[in-house]
Amino acid sequence: MLFGALRNYYSLAQSLEPLLSRPIRDRDQDLWCLLIVGAYQLHYLRIPDHAAVHATVSACAALGKPWARGFVNGVLRSLQRGPKPSFDAAQAHPDWFADLIRAEMPRQADAVLQGNQTRAPMSLRVNTTRIDPADYGRALSEAGIESQAGLVAEQLILNQPVARHTLPGYADGLVSIQDAGAGFAPQLLAPQCGARLLDACAAPGGKLFHLLERCPDLDAVALDVAPARVAHLRDEAGRLGHRASILEADATTREWWDGTPFHAVLLDAPCTGSGTLRRHPEMKLLRGADDLAPNAERQAKLLSSVWHTLRPGGKLLYCTCSLFSAENDAVIEEFLANTADARTSAFVLPAGLSTRHGWQLTPADWRTDGFYYALLSKD
Ligand SMILES: C[S@@+](CC[C@H](N)C(=O)[O-])C[C@H]1O[C@@H](n2cnc3c(N)ncnc32)[C@H](O)[C@@H]1O
């Protein structure tokens, strides 16, 4: 209910607002949230209307506001009596988001917005240092978990999500959970085995460990600025059996660097996460258009800082889980304009669309969240 109410928040709010004689006071915003959850049940779930209204009204007591029962009951009964509204996917997004998607990818916009309204599949990356993907697929099947191929050889997409502890060999590091769209770093960066690799924003380590699974003898340095995320990264390295030098460090500085240049750099930059609304519908409420500029500034700073650590002839893969050009092509565009020794390389992925400087995956393809990749090389 929480996911559904957040995913459809803007449509639900639109259906409730005309029923309120005045806006709800700040200190009663919990009642507004309760109405949203009630409206979600009435509009989207198969629960009988009377049961949905009864359960929602009863929750007033749990909120310590039994006096609000009549109000919540009245609003939900009015909603129930009215015509069943039909909302399109765009109405379930904040206006700025839908407008920007339409402006930036007009042909795909409807499918992208529709994709954001769906439940993301659970995708796995098999740890090929421990088990062959086909053997792992068989182990899943024996455990009654059906799966299909993902977008790269070591991926499997489950037909139904399951709790992670029920995945065969999860605790023994046979497998990780990772969106299928996140699986292109090894083939794009393609470091030589034994190469020196920097992952500048590494936690929780999905792409780093994927690279190490393809090439276990990479000389990998992994940074992350957030202490709790560094701890998680270390735990994951232990679970999967991978070796990397993991540092708690700020990649906008080079204080952590010993001066030995890297053959390959992965910069999976912090971003608005606008490509992950299927998994994080709360982002619709927590992020706004004014988050784009500060993120772009931080991304540009990270990119220009880590560029110095790349050796001539080396490659840098820039990626984000954003759908918006401000964090993607525009960052690369500005970087190329200011960096004489940087070039982009063209490539094609099996889903998504090409952009001026890279490639954009979108949730219009049910298998992937939104991801952006751009591949740079140094003269
Ligand atoms: C998109 S996530 C990385 C995901 C990861 N590459 C993966 O595939 O699992 C971005 C990470 O960057 C980290 N980060 C943010 N600012 C940073 C900085 N200045 N230096 C290093 N890491 C930073 C965040 O803590 C976060 O863990």
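Our structure's up above, just so we're on the same page.
Attention in this report is confined to the structure presented alongside it. Starting from 1, residues in each chain are numbered consecutively following that chain's sequence as written. Note on the predicted model: pLDDT of at least 70 is required for a residue's local features to be given, and 80 or more for side-chain atom pairs to be given and counted; whole-chain, interface and lining totals, by contrast, use all residues. Only hydrogens and water are set aside; all other atoms, that is, all heavy atoms of the structure, feed into the side-chain values.

1. Examining the state of the cysteines
For the purposes of this analysis, a disulfide is any pair of cysteine sulfur atoms at a distance within 2.5 Å. One pass over the structure, following the stated rule, counts one disulfide. With its sulfur 2.3 Å from that of its partner, Cys193 forms a disulfide with Cys215. One quick way to see it: the torsion about the S-S bond of Cys193 and Cys215 is about -75°, and its sign makes the bridge left-handed. With Cys193 in the loop between helix H9 (185–189) and strand S5 (196–199) and Cys215 in the loop between helix H10 (206–214) and strand S6 (219–224), the pair connects residues that are 22 residues apart, well separated along the chain. Every helix listed is a DSSP run of H or I at least four residues long, and every strand listed is a run of E at least two residues long, numbered separately from the N terminus.

2. Quick look at the environment of Ser325
Turning to its location among the elements, Ser325 is positioned in the loop between strand S9 (310–320) and helix H14 (329–338). Burial status follows relative accessibility: with a 1.4 Å probe on protein chains alone, a residue under 20% of its type maximum counts as buried, one over 50% as exposed, and anything between as partly exposed. Given the relative accessible area of 28%, Ser325 is considered partly exposed. In sequence terms Ser325 and Gln187 are 138 residues apart; their C-alpha atoms lie 23 Å from each other.

3. Structural notes on the packing of aromatic side chains
The aromatic pairing rule takes the rings of Phe, Tyr and Trp, using the six-membered ring of Trp, and pairs them if the centres are within 6.5 Å, calling planes under 30 degrees apart stacked, those over 60 edge-to-face and the rest tilted. This structure, assessed with the given rule, holds ten aromatic pairs. Aromatic pair Phe371 and Tyr373: ring centres 6.4 Å apart, planes at 25°, arrangement stacked. Look at Phe371 and you get buried, because its relative accessible area is 7%. What links up through ring pairs into an aromatic cluster is the set Trp96, Phe97 and Phe324. Placement of a charge over a ring requires the Lys NZ or Arg CZ to be within 6 Å of the ring centre, with the centre-to-atom vector within 35 degrees of the ring normal. When the ring centre of Phe262 is taken as reference, the NZ or CZ atom of Arg196 above it lies at 4.3 Å. We note Arg239 situated over the ring of Tyr170; from NZ or CZ to the ring centre the distance is 4.0 Å.

4. Observations concerning the pairing of strand S3 (residues 155–158)
The side-chain alternation of S3 yields two buried faces, one formed by Gln155 and Ile157 and the other by Leu156 and Leu158. DSSP-based pairing: two strands are paired if at least 2 bridges between them are found. In the sheet, strand S1 (residues 123–126) pairs with S3 via three bridges, with the strands oriented antiparallel. Across the sheet, residue Arg125 finds its bridge partner in S3, namely Gln155. Sheet topology places strand S2 (residues 147–149) next to S3; three bridges connect them, and they run antiparallel. Residue Gln148 lies in a different strand from S3, and its bridge partner there is Ile157. A loop of five residues connects S2 with S3, the two strands running antiparallel in sequence.

5. Digging into the packing of helix H2 (residues 9–16) against helix H3 (residues 29–44)
When two helices pack together, their arrangement is given by the angle between their axes and by how far apart the axes lie. Two elements in contact, H2 and H3, have axes whose closest approach is 9 Å; the angle formed by their N-to-C orientations is 100°. With respect to H3, the axis of H2 lies roughly perpendicular. Here H2 contributes Tyr9, Ser11, Leu12, Ala13, Ser15 and Leu16 to the contact with H3, which in turn contributes Trp32, Leu35, Ile36, Ala39, Tyr40, His43 and Tyr44. Within the contact of H2 with H3, the residues separate by chemical class into ten nonpolar, three polar and no charged. Angles shown run from 0 to 180 degrees and are taken between the N-to-C directions of axes, each axis being a line fitted to C-alpha atoms and, for helices, limited to the stretch in contact. Here is the rule for angles: anything less than 35 degrees is roughly parallel, anything more than 145 is roughly antiparallel, 65 through 115 is roughly perpendicular, and the remaining ranges are oblique. Any two residues whose heavy atoms approach within 4.5 Å at even a single point are treated as in contact. Each residue is assigned to one of three groups, with Ala, Val, Leu, Ile, Met, Phe, Trp, Tyr, Cys and Pro labelled nonpolar, Asp, Glu, Lys and Arg labelled charged, and all others, Gly among them, labelled polar.

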